[in-house]
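Fold and contact review
If you want the building blocks of each chain, they are given just below.
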Amino acid sequence: MRRLYREKIYRCGDHLEVQVFPVFKRGNTSRRGRSKPTSEMQARLNQKNAERALTRILNANFTEDDISVTLTFSDEYLPDTYEEAERLFKNFIRRLSYLRKKRGLPEMRYVKIPGPGRFHFHVPMSGGISDKELQRLWPYGYANAIHFVFDENGLEGHARYIAKQFEDSGNMDIFSMFDIDEETGEVSEVQSAERRAQRKKGQRRYSCSKNIVRPEAEEKDGRISAARVEELATVDSSSRAAFEKMYPGYVFSSCRPYHNEKNGGYYLEIKMYKSDAAFLKSRKHFKKYRN
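A brief look at the structure comes next. Counting restarts for each chain, with residues numbered from 1 along the sequence as it is written. In keeping with the predicted nature of the model, local features appear solely for residues at pLDDT of at least 70, side-chain atom pairs appear and are counted solely at 80 or more, and the whole-chain, interface and lining totals rest on all residues. Water and hydrogen atoms were dropped before computing side-chain values, which therefore reflect all heavy atoms in the structure.

1. Section: the overall build of the protein
- Helix and strand assignments follow DSSP, with helices taken as H or I runs no shorter than four residues and strands as E runs no shorter than two, numbered in order from the N terminus. Within the protein one finds 8 helices and 12 strands.
- Going through the 291 residues of the protein one by one, you find that 46% of them count as buried.
- Throughout, a contact is declared for two residues whenever any of their heavy atoms are within 4.5 Å. Taking all contacts inside the protein whose residues are at least 6 apart in sequence as the whole, residues at least 24 apart take part in 71%.
- Methods summary: accessible areas were calculated by the Shrake-Rupley approach with a probe of 1.4 Å, and residue burial reflects only the protein chains presented. Roughly 16500 Å² of accessible area belongs to the protein as shown, and the carbon and sulfur atoms make up 49% of that amount. Three labels apply to residues, based on accessible area from a 1.4 Å probe with only protein chains included: buried if under 20% of the type maximum, exposed if over 50%, partly exposed otherwise in between.

Written out as C-alpha cells, the structure is:
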C-alpha cells in the first residue's frame, strides 16, 4: 500500500495554517469504510475542529479594529425559548446595521455563537461602534465588548476561550459532526442532507453574516516525502527554516507533530504568519510607547 503526504493549506488574512498528513493509495482494491469513533474520541474531535474552524474564520475576516461582543440577558428579559432569544438578537443586528449604514461604515461582518447554559451570545463583529452605543442597542442585558488582540497564531486564543465554555458545560458538539478515517486519521465534516435533517429546529449552532469569508483549503499531494515529514516533525531550528522556505513570505510560529503508531504516519499542524503582519506593527508601536 503506497503512501504519500498531503498538504492542506489555509490562508486566513495575515495567518497561514497547514495540515500535513499521509494519504494511502490502494490501487484497484476497494477502500474500507470510515470507522465510527467512540463518543469520547468524537467529543475531542468536535472540540478541536470547532476551535480550528472558528480560528480560521476569525483570522480571515477580522482585524485589530474589530471587536468581540458578549450579549447576555437580565432576569427581566430572559427568554423562555431559544427562538425568542434569536429573535431579539436579529433585532439587535438590524438596529446595528442601520446605524452603520447611517454613518457610512462598511457592511458589518459578524459570527453568532450561542453560548451553552443560560441564553447568551458571543458575537465577533466589525468595529466602529462605541461600547455605549452597543449597550444602547441591546437593552435586554449587558453588551460587553473587547477589542481583538492578534498574536503569532492570530485569534486562536479567543476561539479557544469560546470553545472551552462548551467543553466545561459538557456540550461538546459545538458546530457540527465529524468523521475520522481509520487509515489516514483525517477528520472531515459531514455535510450530507441526511445528517443536516437530523438537527432539531432551533438547535444551538453558530451562524455568520452572508459576507463572511470561509477559507478553503489548497491541497498539494506528494510535495513532501515521508522521510522529509519525519525530519520536519522534530521542529528544530533547521525545520523552522525549512517551513519558511516552503511557504515564502511567512514566518514560522509553531508546529504540532503527531505520530500514528497504527499506520506509521506523521501528522503536522503548522502555524505561520506574514512577515509584514499588522499585529507586528502594533506590537512594535507598543514597545516604543512602553520604552
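2. Overview of the side chain of N260
- Mapped onto the elements, N260 comes out in the loop between strand 11 (250-259) and strand 12 (266-274).
- By relative accessible area, N260 is classed as buried at 13%.

3. Considerations on the packing of aromatic side chains
- A pair of aromatic rings is counted whenever rings of Phe, Tyr or Trp (Trp by its six-membered ring) have centres within 6.5 Å, and the orientation is called stacked for planes under 30 degrees apart, edge-to-face for over 60 and tilted otherwise. In total, this model carries 13 aromatic pairs according to the counting rule given.
- Following the ring pairs from residue to residue traces out a cluster consisting of F73, Y77, Y82, F89, F92, Y110, F121, W138 and Y140.
- Across the ring face of Y10, the terminal group of R56 is positioned such that the distance to the ring centre comes to 3.8 Å. Our definition puts a charge over a ring when NZ of Lys or CZ of Arg is within 6 Å of the ring centre and also within 35 degrees of the ring normal.

4. A short note on helix 7 (residues 237-246)
- When helix 7 is considered as a whole, its buried residues turn out to be S239, A242, F243 and M246. Looking down the long axis of helix 7, one finds its buried residues gathered within 100° of arc, a one-sided arrangement. In helix 7, the exposed positions that point more than 90 degrees away from the buried face belong to S237 and K245.
- Buried residues belonging to helix 7 abut strand 1 (2-12), helix 6 (226-232), strand 11 and strand 12. Throughout, the arc means that of the directions going from the helix axis to the C-beta atoms.

5. Observations regarding the pattern of salt bridges
- When a carboxyl oxygen of Asp or Glu is within 4 Å of a side-chain nitrogen of Lys or Arg, the pair counts as a salt bridge. Within the structure shown, the criterion is met by 17 salt bridges.
- For the salt bridge of R6 with D221, the shortest nitrogen-to-oxygen distance reads 2.7 Å. With R6 in strand 1 and D221 in strand 10 (residues 218-221), the pair connects residues that are 215 residues apart, well separated along the chain.
- Salt-bridge contacts for D75 lead to R118; the nearest nitrogen and oxygen are separated by 2.8 Å. Within this pair, whereas D75 is found in the loop between strand 3 (67-72) and helix 2 (82-102), its partner R118 is found in the loop between strand 4 (111-114) and strand 5 (120-125), the two being separated by 43 residues in sequence.
- Among the residues examined, D75 registers a relative accessible area of 64% and is labelled exposed.
- With a relative accessible area of 42%, R118 lands in the partly exposed category.

6. Structural notes on the sheet that holds strand 9 (residues 207-208)
- Whether two strands pair depends on DSSP finding at least two bridges between them. Taken together, 5 strands build an open sheet; the order of strands is 6-3-5-4-9 and the sheet is antiparallel. Every other strand in the sheet has two partners, leaving strand 6 (143-147) and strand 9 as the edge strands with one partner each.
- Two elements, strand 4 and strand 5, share 2 bridges in a ladder whose sense is antiparallel. Bridge assignment links P114 to a residue of strand 5, and that residue is F121.
- Running over the sheet, helix 2 touches strand 3, strand 4 and strand 5 and is turned about 30° from strand 5. Helix axes use the C-alpha atoms of the stretch in contact, all axes being lines fitted to C-alpha atoms, and the angles between their N-to-C directions lie in the range 0 to 180 degrees.

7. What about the pairing of strand 1?
- With 8 of 11 residues buried, strand 1 is to be regarded as a mostly interior element.
- Sheet topology places strand 1 next to strand 2 (residues 15-25); 11 bridges connect them, and they run antiparallel. When the bridges of strand 2 are listed, E7 appears paired with V20.
- Here strand 1 folds back onto strand 2 in antiparallel fashion, the turn holding 2 residues, of which G13 has a positive phi close to 65°.

These figures come from the coordinates and say nothing about function on their own.
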